[in-house]
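# Structural features, examined
Each chain, letter by letter, is given below.
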Amino acid sequence: EDPENCPSDPKYLEVLKQYFGYSKFRPMQWKIINSVLNDKRDSCVVMATGYGKSLCYQYPSVFTKRTTVVISPLISLMQDQVMGLKAANIEACFLGSAQENSTQVCHDLKRGKYRVLYITPEYASGAGVTHLKEIDKEVGLDLIAIDEAHCVSQWGHDFRSAYRSLGQLKQSFPQVPVLALTATATHEVRLDICRSLRLRNPSIICTGFDRPNLFLSVSLKSDTSSDLRSQMTKQGNQFNFDGPTIIYCPTKKATNEVAAIVKGMNIPSAPYHAGLSQADRNQAHRQFVNDQVQVIIATVAFGMGIDKPDVRKVIHYGAPKDIESYYQEVGRAGRDGMPSQCHVFYAEKDFLTSRHFINEMQNEKFREHKMKMLGKMQQYLKTSTCRRRLLLSHFENKKLDDLGGTTNCCDNCRRKLERSRQQSYYDSKNWSSVLPPGIGPEDGEQDFAKEAQDLFDAIQTLGSRFGLATVVLFLSGSHSQRVSRFTNLSGFGKGKYRKPNWWKGFGKALIYEGYLKEVAVKDSFGSTVELSRKGISWKGAGNSSLKMTPTSDMLAETRPP
Ligand code: ADP
């Protein structure tokens, strides 16, 4: 076997079997553990959910019989892990500022009783350092592991300010290797993690992001109960989700509304959000983990606390905040590797609120970054091509075409497959002239050079001072008062050959593709649209071709009903 993935000395596997019950390490696990135990090197590990991060930081001190410190953002998660370790006869404890019995725990820590000590980032960057120094002196620290390390970065999601101070640990414990772990990190976030945590010559270990067991799909919101029912199966008179399900909602209010509807369907369920007491949240979590409730309805802010390997469905009722949060949230599904589904219901107006928040941000670079992340999310929701590839392309430094197999991994691929099946059936009957609705050349990649020219001309004729809606009124030759003073300009009504909503969809697609950019208008919901550098150079080159796959917005206007 590959020595990178498998230890040559059998004693490592004996410990693995004895304490963790596994007969071998998963790919990458040994590489990481080896780098901690034998090279004592700092590492930044990016590992897709479900690959087995916990083992990487729990194993070393079990092997050496010293102590590992794990910094993790959520107390409930740490408590679960402590329980799990204790059940496997591995001594573990949690220490936070408000911890009862902490005197005894601290005493035992210094005696070397515990293999794994969990602490919060706040504790680690404050009062905890003195304790850690004592433990290090008496027992020796093996490893400082920082879980959910993307919280260190403002460029990621889930930013948590206490994480930023964790860099001090490297100064206090220069000889102890630091292991930073996360399931999502783009290049920017990765750099930020290494820099902020002051990792020294870190090895960067990345498993890839694909989660082949997740099926991805999207639809527009309509009526909440029928939306939810469309994700369930009916047995007798009772609707049911097909297994443990998380429904994410954007706000507390929405969470309560959806929770009431699910409850009304007689499905054992529980809400989970910041407005509930800690005791209620703990109870909801327990009931979900123990299969006493089938559905948990949670705000995204608290979703991180839900830890269950056999979640079969993750539903977003409302557009996710951005593409990176979305990846993290669907990561909660199917950690056991079994097929699981991830569905988003969204409405166009969901984006307004996000956009409003972004417009309020002071730092311009940061505002632009967030706007881009939101654009990516919109692109994901509206694409008519493979959603998995789109999601992966955000994280992997590869071209779309190199991102692997795509049959039947999302609604779009499934639809395409279904269409080609129907198409060949119709062909075989020589019925091609009577193709059923939804089959046609309109789905594939097409050249929209003429449309792009007309749209860019219209934007520039209007001096790049308006939002997309006004530009579309102009192109469509509308009687609206908003464009009445422009009726004499050249190009007015030039876009009548396409429907206004098609133009809107097209304009947005050009924003996602980077030909156009939206500029926020300060202190308002609005934004103006102008040509980006890419758009200007396309136009300047007198380019005669602009190929892209139409988005769902554009298709809605061309596809027969
Ligand atoms: P992550 O934190 O990366 O999402 P976990 O640490 O929760 O993943 O592990 C995911 C699942 O994989 C768990 O159910 C765990 O028991 C299992 N697992 C981890 N390592 C191994 C291994 N070497 N062999 C078999 N199963 C493993």
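Okay, so let's go over this structure. (Residues numbered from 1 in each chain as written. Predicted model: local features only at pLDDT ≥ 70, side-chain atom pairs only at ≥ 80, totals over all residues. Heavy atoms only, no water.)

### Observations regarding the sheet that holds strand β15 (residues 340-346)
Within a sheet, adjacent strands bond to each other through the backbone by hydrogen bonds, running parallel or antiparallel. We count it as follows: Two strands qualify as a pair provided that DSSP identifies no fewer than 2 bridges between them. Every helix listed is a DSSP run of H or I at least four residues long, and every strand listed is a run of E at least two residues long, numbered separately from the N terminus. Fitted lines through C-alpha atoms give the axes, limited to the stretch in contact for helices. The angle between two N-to-C directions lies from 0 to 180 degrees. It only takes one pair of heavy atoms within 4.5 Å for two residues to be counted as in contact.
A sheet is described by the order of its strands in space; here six strands give the open sequence β8-β15-β14-β11-β13-β12, paired in parallel fashion. With partners counted over all chains shown, the strands left at the sheet margins are β8 (214-220) and β12 (269-272), one partner each. Taken over all neighbouring pairs, the strand axes of this sheet differ in orientation by 15° on average, direction set aside. Pairing of strand β14 (residues 313-317) with β15, which is carried by five bridges, proceeds in the parallel orientation. Pairing of H316 across the sheet is with V344, part of β15. Lying over the sheet, helix α14 (residues 323-330) contacts β8, β11 (245-249), β14 and β15, oriented at roughly 145° with respect to β14.

### Thoughts on the nonpolar core
The condition that has to hold: As used here, the term nonpolar core means buried Ala, Val, Leu, Ile, Met, Phe, Trp, Tyr and Cys residues forming a set that is joined through side-chain atoms within 4.5 Å. Exposure is judged per residue with a 1.4 Å probe applied to protein chains only, and the accessible area is read against the type maximum: over 50% gives exposed, under 20% gives buried, and values in between give partly exposed.
Formed by 77 residues in total, the largest nonpolar core has its most connected members in I71, L117, I119, I146, Y380 and L381. Among the elements that line this core, the one with the most residues is helix α16 (residues 364-382), at six residues. Sequence-distant contacts of I119, that is, excluding residues within four places in its chain, are made with V69, V70, I71, S72, M78, L95, A124 and L132. Within the second largest apolar cluster, 31 residues are counted, among which are Y12, W30, L55 and L179.

### Things to note about the packing of α16 against helix α17 (residues 387-395)
The condition that has to hold: Geometric relationships in this document are graded by angle, where less than 35 degrees denotes roughly parallel, more than 145 denotes roughly antiparallel, 65 to 115 denotes roughly perpendicular, and other angles denote oblique. For a crossing to be left-handed, the near helix must be turned anticlockwise from the far one by less than a right angle; the clockwise case is right-handed. Throughout this entry, Asp, Glu, Lys and Arg are counted as charged residues, while Ala, Val, Leu, Ile, Met, Phe, Trp, Tyr, Cys and Pro are counted as nonpolar. The remaining residues, Gly among them, count as polar.
At a minimum axis separation of 9 Å, α16 and α17 run at an interaxial angle of 165°. Classified by the angle between their axes, α16 and α17 sit roughly antiparallel to one another. In this structure, the crossing between α16 and α17 has a hand that is right-handed. Side by side, α16 and α17 meet where M373, K376, Q379, Y380, L381 and K382 of the first sit next to R387, L390, L391 and H394 of the second. Residues belonging to the contact of α16 with α17 are distributed by class as follows: five nonpolar, two polar and three charged.

### Considerations on the pattern of salt bridges
Defined as follows: We count a salt bridge whenever a side-chain nitrogen from Lys or Arg sits within 4 Å of a carboxyl oxygen from Asp or Glu.
This structure, assessed with the given rule, holds 25 salt bridges. Salt-bridge contacts for D310 lead to K308; the nearest nitrogen and oxygen are separated by 3.2 Å. By relative accessible area, K308 is classed as buried at 3%. Residue E451 pairs with R498 through a salt bridge whose shortest N-O separation is 2.9 Å. With a gap of 47 residues between them, E451 in helix α19 (residues 449-461) and R498 in the loop between α20 (468-475) and α21 (500-512) connect regions that are remote in the sequence. The class for E451 is buried, based on a relative accessible area of 8%. Linked by salt bridges that have partners in common, E348, K382, K508 and D553 make up one network.

### As for the sheet that holds strand β1 (residues 43-46)
Sheet architecture is open: seven strands sit in the order β3-β4-β2-β5-β6-β1-β7, paired in parallel fashion. Lying at the two open borders of the sheet, with one neighbouring strand each, are β3 (92-95) and β7 (203-206). On average, adjacent strands in this sheet sit at an angle of 20° to one another, irrespective of strand direction. Two elements, strand β5 (residues 141-146) and strand β6 (residues 178-182), share three bridges in a ladder whose sense is parallel. Looking across to β6, one finds that A145 is bridged to L179.

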